[in-house]
Amino acid sequence: MNLCNSRFSVTFGRQCSTILTSPSAGILQNRCSLTTKVPNWISSSLSCVQQTFQRTMNSTGQRGSRDSTGAPGAGASGGSGGGAPPPFQHPHCDRNAMYAQPVRKMSTKGGSYDYDLIVIGGGSAGLACAKEAVLNGARVACLDYVKPTPTLGTKWGVGGTCVNVGCIPKKLMHQASLLGEAVHEAAAYGWNVDDKIKPDWNKLVQSVQNHIKSVNWVTRVDLRDKKVEYINGLGSFVDSHTLLAKIKSGERTITAQTFVIAVGGRPRYPDIPGAVEYGITSDDLFSLEREPGKTLVVGAGYIGLECAGFLKGLGYEPTVMVRSIVLRGFDQQMAELVAASMEERGIPFLRKSVPLSVEKQDDGKLLVKYKNVETGEEAEDVFDTVLWAIGRKGLVDDLNLPNAGVTVQKDKIPVDSQEATNVANIYAVGDIIYGKPELTPVAVLAGRLLARRLYGGATQRMDYKDVATTVFTPLEYACVGLSEEDAVKEYGADEIEVFHGYYKPTEFFIPQKSVRYCYLKAVAERHGDQRVYGLHYIGPVAGEVIQGFAAALKSGLTINTLINTVGIHPTTAEEFTRLAITKRSGLDPTPASCCS
């Protein structure tokens with residue numbers, strides 16, 4: 001009997017796995033061969049397992065062992081000579097940023113300071129960092145304060161932008177608009193639908209705000225249970241170890257060995273007459289006490305397009321004003337397809353235009369004057385609401401960072417691969433750091449990893465490369481990895497192959513929804529293994545589709561692996577596995593059939 005070829009070998013191999021992988025050379029013999037009562041067939045089979053294991057570990061493709069944090073362990077040296085590990089060839093993980101640089105000395109706990117750690121900011125990054133630090137034995141305080149918006153005085157509770165005025169209310173209102181669309185489609189599927197169905201803005205806002213307040217409450221309770229002291233105050237530095245907190249009862253001076261700045265950002269306002277007095281931002285929209293009506297959305301980034309999209313779905317009249325390009329920083333072919341799909345739904349775009357002024361008329365409506373930046377032609381129109389979505393500004397002004405010696409770059413804080421500022425005991429995470437993705441999951445993971453390095457003895461650093469994201473427009477757009485433009489810039493047009501195709505979601509057939517802009521593509525290496533550099537998808541439930549592919553891309557996905565993966569039918573996600581036509585071929589990427 002040959003155990004290596006039997007089903008039992010798998011079980012036996014698992015039971016001896018800790019023995020086989022031990023760094024001690026003699027353990028295998030001592031543990032698995034210590035008795036003469038072991039039958040010969042087991043001994044010979046164990047010898048086979050050991051030989052296979054040794055061949056695997058000595059192969060050129062071996063992987064070094066890692067500790068619980070993912071850092072290379074002591075046994076990670078290559079070959080039998082104990083030399084340096086083989087070069088790291090993974091195309092989508094920035095190992096140099098994660099492991100290769102020296103780790104700063106960990107922060108000490110205890111001492112003469114009030115706290116081991118003070119986190120400034122109660123958003124996703126700050127809360128994740130504070131809670132993780134407490135779990136690793138640190139004494140932690142978290143400062144959080146929200147300045148009212150200048151136009152409507154909107155404020156909110158703990159949790160930061162995502163919970164209160166960002167991801168969560170945005171997704172809920174996006175869902176509300178999709179449900180309205182689905183109700184009308186239901187008639188085509190045989191449902192008897194009342195034509196009088198319409199949305200109730202005030203009821204929707206109340207439902208959204210009720211959910212947000214429940215999250216605020218749960219967050220406060222969680223901080224209390226985890227022994228994080230929550231301070232509702234505005235913090236500013238006195239020096240690198242001292243903070244002045246302005247709280248409701250006055251002022252309080254507190255000290256800490258280490259600080260983490262996680263204050264995030266707030267929307268910008270244009271420097272034109274009437275902008276602050278009469279315009280609102282996404283900070284106000286989700287709690288707006290009146291219907292938005294005819295709305296001018298100034299800005300064509302993801303926030304502007306998402307807001308315009310759900311406003312249209314709820315029955316209002318948004319117009320998008322675009323100064324230069326749509327979805328700056330995203331793949332521009334996909335961005336223009338998103339814009340075209342919105343225009344098809346009846347959302348007008350004012351291209352190459354900038355606002356000049358906002359005036360409030362006697363009837364309460366807003367007169368907006370604007371100019372075409374190419375022709376110089378001026379025009380005006382009247383709106384019920386003007387929504388600024390022209391970018392966000394880091395909240396560094398109130399921190400008095402010069403007192404602590406912290407460097408600022410364009411209202412953000414530059415950090416190294418460990419989220420460390422230029423001051424030894426001060427770190428920054430989340431949207432406040434310069435040049436990194438401003439996304440909630442990024443902030444959460446970076447905050448946790450920082451706390452583990454500071455107080456848990458970990459070494460793993462945040463990998464900011466190839467982060468998946470989704471734009472929740474009516475027809476959603478999700479992507480991970482490089483855009484086509486960035487891939488060409490990095491590798492050259494002759495070294496890039498783009499596999500692409502249009503597709504027809506099954507659920508679109510009966511209500512005869514437009515499939516004109518349902519499109520996806522894979523940006524890949526032209527030669528060799530054809531590594532996938534980027535994946536892009538426009539269609540329903542885009543975020544759900546791209547998440548799994550993001551893990552595949554981070555793991556070194558190739559075109560060969562992708563097209564030889566059996567898809568789940570009928571789904572839109574399977575369309576990635578059906579990609580066979582390249583742009584270079586010039587063939588028509590429109591499908592002829594869904595099932596063959």
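Residues numbered from 1 in each chain as written. Predicted model: local features only at pLDDT ≥ 70, side-chain atom pairs only at ≥ 80, totals over all residues. Heavy atoms only, no water.

Asks: Would you mind showing me how to read the pattern of salt bridges here?
Replies: Working definition: two side chains of opposite charge can pair if their charged atoms are close together. All chains considered together, the criterion is met by 27 salt bridges. Among the ionic pairs, lysine 393 bridges to aspartate 397, the shortest N-O distance being 3.0 Å. The residue arginine 453 makes a salt bridge to glutamate 419 at a minimum N-O spacing of 2.8 Å. Linking arginine 453 in helix α15 (residues 440-455) with glutamate 419 in the loop between α14 (401-404) and β17 (426-428), this pair joins segments that are 34 residues apart in sequence. Comparing arginine 453 with glutamate 419, the two get one shared label, buried. Salt bridges here are not isolated pairs; linked through shared partners, they connect Glu181, Glu185, Arg345 and Lys513. (Salt bridge = Lys/Arg side-chain N within 4 Å of Asp/Glu carboxyl O. Helix = DSSP H or I, 4+ residues; strand = E, 2+ residues; numbered from the N terminus. Buried < 20%, exposed > 50% of the residue type's maximum accessible area, 1.4 Å probe, protein only.)

Asks: Just to check I follow, could you spell out the packing of aromatic side chains for this structure?
Replies: To describe a pair of aromatic rings, one takes the distance between the centres and the angle between the planes. Taken as a whole and judged by the stated rule, the model has nine aromatic pairs. Centre to centre, the rings of phenylalanine 237 and phenylalanine 259 are 5.1 Å apart; their planes meet at 70°, and the pair counts as edge-to-face. Within this pair, whereas phenylalanine 237 is found in strand β4 (residues 234-239), its partner phenylalanine 259 is found in strand β6 (residues 250-261), the two being separated by 22 residues in sequence. Judged by relative accessible area, which is 1%, phenylalanine 237 ranks as buried. Here tyrosine 491 and tyrosine 533 contribute two aromatic rings whose centre-to-centre distance is 4.2 Å and whose plane-to-plane angle is 10°, an arrangement assigned as stacked. Taken together, the residues tyrosine 491 in helix α16 (residues 484-491) and tyrosine 533 in strand β22 (residues 532-539) connect sequence positions 42 residues apart. Residue tyrosine 491 is classed as partly exposed on the basis of its relative accessible area of 30%. (Phe/Tyr/Trp six-rings, centres within 6.5 Å; stacked < 30°, edge-to-face > 60°.)

Asks: Explain the nonpolar core here, please?
Replies: Residues Leu535 and Phe576 are the most contacted members of the largest nonpolar core, which totals 66 residues. When contributions to this core are tallied by element, the ones reaching two or more residues are α9 (201-225), α12 (302-313), α13 (332-344), β19 (476-481), β21 (519-525), β22, α17 (542-554) and α18 (559-563). For this core, the leading source of residues is α13, giving seven residues. Discounting chain neighbours no more than four positions away, the residues touching phenylalanine 576 are Leu520, Lys521, Leu535, His536, Tyr537, Val545, Ile546, Phe549 and Leu562. Among the nonpolar cores identified, the runner-up in size contains 55 residues, and Ile261, Val406, Ala420 and Met462 belong to it. (Core = buried A, V, L, I, M, F, W, Y, C linked by side-chain atoms within 4.5 Å. Contact = heavy atoms within 4.5 Å.)

Asks: Before we go on, may I ask you to explain the sheet that holds strand β11 (residues 349-350) in this structure?
Replies: Sheet strands pair by backbone hydrogen bonding; their relative direction is either parallel or antiparallel. An order of β8-β15-β9-β10-β11 is seen for the five strands of this open sheet, with the pairing classed as parallel. The open sheet has two edge strands with one neighbour each: β8 (280-281) and β11. As defined by bridge partners, strand β9 (residues 294-298) adjoins strand β10 (residues 317-321) across five bridges and the pair is classed as parallel. Bridge pairing links leucine 296 to threonine 319 in β10. Those strands touched by α12 are β9, β10, β11 and β15 (385-388), and its axis lies near 160° from that of β10. (Pairing = 2+ DSSP bridges. Axes fitted to C-alpha atoms, helices over the stretch in contact; angles between N-to-C directions.)

Asks: When you look at the packing of helix α8 (residues 167-186) against α9 in this model, what are you seeing that I'm missing?
Replies: In helix packing, the relevant descriptors are the interaxial angle and the interaxial distance, both defined with respect to the helix axes. At a minimum axis distance of 10 Å, the contact between α8 and α9 shows a crossing angle of 140°. Like other packed secondary-structure pairs, α8 and α9 cross with a definite hand, here right-handed. Each of Ile168, Pro169, Leu172, Met173 and Ala176 in α8 lies in contact with α9, whose residues at this interface are Trp201, Leu204, Val205, Val208, His211 and Ile212. Among the residues making up the contact of α8 with α9, the classes are represented as ten nonpolar, one polar and no charged. (Left-handed = near helix turned anticlockwise from the far one by under 90°. Nonpolar A, V, L, I, M, F, W, Y, C, P; charged D, E, K, R; others polar.)

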